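Structure at a glance
As a plain string of letters, each chain reads:
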Amino acid sequence: MVDDLDGAQGADLGLSFGGESAGEQETDSASPFFVSKKAAAVLKHEILRQYVVPFVSKVGSTSPDARVVYLDGYAGPGTYADGTHASPSLVLESAATVSQFRKLECVFVERSRKDFERLGTVVKAAQARGINAEARYGRVQNHLDYVLERARGVPLLAFLDPFGLGIPFDDLVGKIFGPDRPQNSQGWIATEVLLNFSANAVRRIGGLLTTTKPVANRDATLNALDLACGGTWWRQEFVASSDNAEAVQRISFGFARRVCAATNARAWVVAVRNRSHHQPVYHLVFFTRHSDGIWLFGEANSLAQEKWRAFCAPPPPPKDENALFDIPDTFEAEEAARKRRWIDEIKGNILNLLATRGAFVIKDHHTAVLGSAIDGARKTHIKSAVKELYSERKTGCNGVGDVETLRITPPS
Ligand SMILES: C[S@@+](CC[C@H](N)C(=O)[O-])C[C@H]1O[C@@H](n2cnc3c(N)ncnc32)[C@H](O)[C@@H]1O
């Protein structure tokens, strides 16, 4: 689902429960979560994998000493038990990829002793390969000042992925996006955050507002969500919603809007599900203060969504030598139909913009060009749309060159 809210765009958002106080979900590397990957983690990790290298390449080009700092505040054990990448190991791979031309400095924080020990092994192996990385033990809140000092004057990307509630709203807007991270022409320093806002937490904690049963730590648990959301506003949203799905949607976007308003950032909210017909497990909320960040994130999200769909798709039917005809692999047909719909949508949006505004540059109209295809399509689909419009003599732009800088003109 896609929405365009003042400064917040993307699929519907959610918030989770956890954090430092009552109700935090504890887990460690023995928990099923870290045994093998579920679909939700496939999407999350693919977004990270697709985003980090382009981000670091771009912002590191003007950074002192080509340095960029990356914080994984809820790192976990580093890899899954079956050996697949978890967020630390995959970002360490990205650090290796950019190491010839950028210095990505990775800080991983983990508060479970068992997970921290496994994380330490992963980080040591990376250090032995010459990658700048460190693992720190404890609560991320207690390491924020250290990370921000280290990132003083250089770009920072923070990945905040708790099982439940994350850092307090005030730490997010007052520290990570705080006064030491200027965002104006006097001193631009890139600051981006990708955070997991748990839908499960909203559903669970919100339910405490209306339950008639006595619940231990009720007030402390409600206060924990107040802290994460930056106030009690979410309580009214929850009670005013007709069901949990609406509550999660309203509160997730409400959170994104409030962060945007307090930090002058733009947000992209991605609903993360284990299957397309499931409710979101959480929403990934991406915050950036630069339009380039939105473009880069859009590419990463589109590629990751494709990978997620492939992961969720049933396996292709086995070949039967005796069959009269092959049973088609419906996934590929569905993907082709999806792409066709996106291109048609984008063509319509471009024609609308052209009719209402006259000539325009694609880069300046990201949301309007992509429209309802925003959570699936990417630059390649915009390019196809422009080329089709050109061959249909509906624009003078032939679609050749970098998509963002294409100037769409009326047909000549
Ligand atoms: C969802 S898991 C992280 C998964 C990891 N980011 C990945 O994608 O592979 C959340 C982790 O955060 C840890 N944790 C919970 N609260 C924390 C806190 N306040 N500070 C640091 N780590 C915390 C948990 O022990 C758990 O390992």
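Residues numbered from 1 in each chain as written. Predicted model: local features only at pLDDT ≥ 70, side-chain atom pairs only at ≥ 80, totals over all residues. Heavy atoms only, no water.

Okay, the pairing of strand β3 (residues 67–72) next. Of all 6 residues making up β3, 6 are buried, and the element is well covered by its neighbours. Alternating positions in β3 separate into two faces, R67, V69 and L71 on one and V68, Y70 and D72 on the other, with burial throughout. One ladder, built from 6 bridges, connects β3 with strand β4 (residues 103–110); its direction is parallel. Across the sheet, residue V69 finds its bridge partner in β4, namely E105. (Buried < 20%, exposed > 50% of the residue type's maximum accessible area, 1.4 Å probe, protein only. Helix = DSSP H or I, 4+ residues; strand = E, 2+ residues; numbered from the N terminus. Pairing = 2+ DSSP bridges.)

Within the secondary structure, R203 sits in helix α6 (residues 199–210). When sequence neighbours within four positions are dropped, the list of residues in contact with R203 reads F238, N244, V248, Q279, P280 and V281. (Contact = heavy atoms within 4.5 Å.)

The next thing to look at is the nonpolar core. Ranked by internal contacts, the top residues of the largest apolar core, which has 67 residues, are Y70, L104, C106, F108, I350, I362 and I382. Top contributing element to this core by residue count: helix α1 (residues 39–60), with 10 residues. Both domains that meet at this core, namely domain 1 (3–311) and domain 2 (329–408), each give it at least three residues. Excluding residues that lie within four positions of it along the chain, F108 makes contacts with Y70, D72, A75, P88, L92, L119, V123, A133, E134, A135 and R136. By size, the runner-up hydrophobic cluster in this structure holds 50 residues, among which are V109, L165, L222 and A265. (Core = buried A, V, L, I, M, F, W, Y, C linked by side-chain atoms within 4.5 Å. Domains from an automatic or database assignment.)

Below, the discussion takes up empty space enclosed by the protein. Under the criterion given, the structure shown has 4 cavities of 30 Å³ or more. What lines the largest cavity is a set of 11 residues, among which G166, I167, L195, N196 and F255 lie closest to the centre. When residues of the lining of the largest cavity are assigned to their parent elements, the largest contribution, 3 residues, is made by strand β7 (residues 191–198). Looking at the lining of the largest cavity residue by residue, the classes come out as 9 nonpolar, 2 polar and no charged. (1 Å grid on protein atoms, 1.4 Å probe; cavity = no way out; pocket = protein on both sides within 12 Å on 5 of 7 lines; lining within 4 Å. Points joined across faces, edges and corners; volume = space filled by probe spheres on them. Nonpolar A, V, L, I, M, F, W, Y, C, P; charged D, E, K, R; others polar.)

What follows covers the pairing of strand β8 (residues 266–272). Of all 7 residues making up β8, 6 are buried, and the element is well covered by its neighbours. Note that β8 and strand β9 (residues 282–288) share 7 bridges and pair antiparallel. When the sheet's bridge partners are listed, R266 is paired in β9 with T288.

Turning our eyes to something else, we now look at the packing of aromatic side chains. Enumeration according to the criterion identifies 11 aromatic pairs in this entry. A ring pair is formed by F177 and F287, whose centres lie 6.5 Å apart and whose planes are at 85°; its orientation type is edge-to-face. Taken together, the positions of F177 in the loop between α5 (169–176) and β7 and F287 in strand β9 put the pair 110 residues apart, joining distant regions of the chain. Classification of F177 by relative accessible area gives buried; the value is 4%. In textbook terms, an aromatic cluster arises when at least three aromatic residues are bridged by ring pairs, as seen for Y51, F55, W268, F286 and F297. Cation over ring: R113 sits above Y137, and NZ or CZ is 4.0 Å from the ring centre. For the cation-ring pair, R258 lies above W233, with the distance from its terminal atom to the ring centre recorded as 3.7 Å. (Phe/Tyr/Trp six-rings, centres within 6.5 Å; stacked < 30°, edge-to-face > 60°. Lys NZ or Arg CZ within 6 Å of the ring centre and 35° of its normal.)

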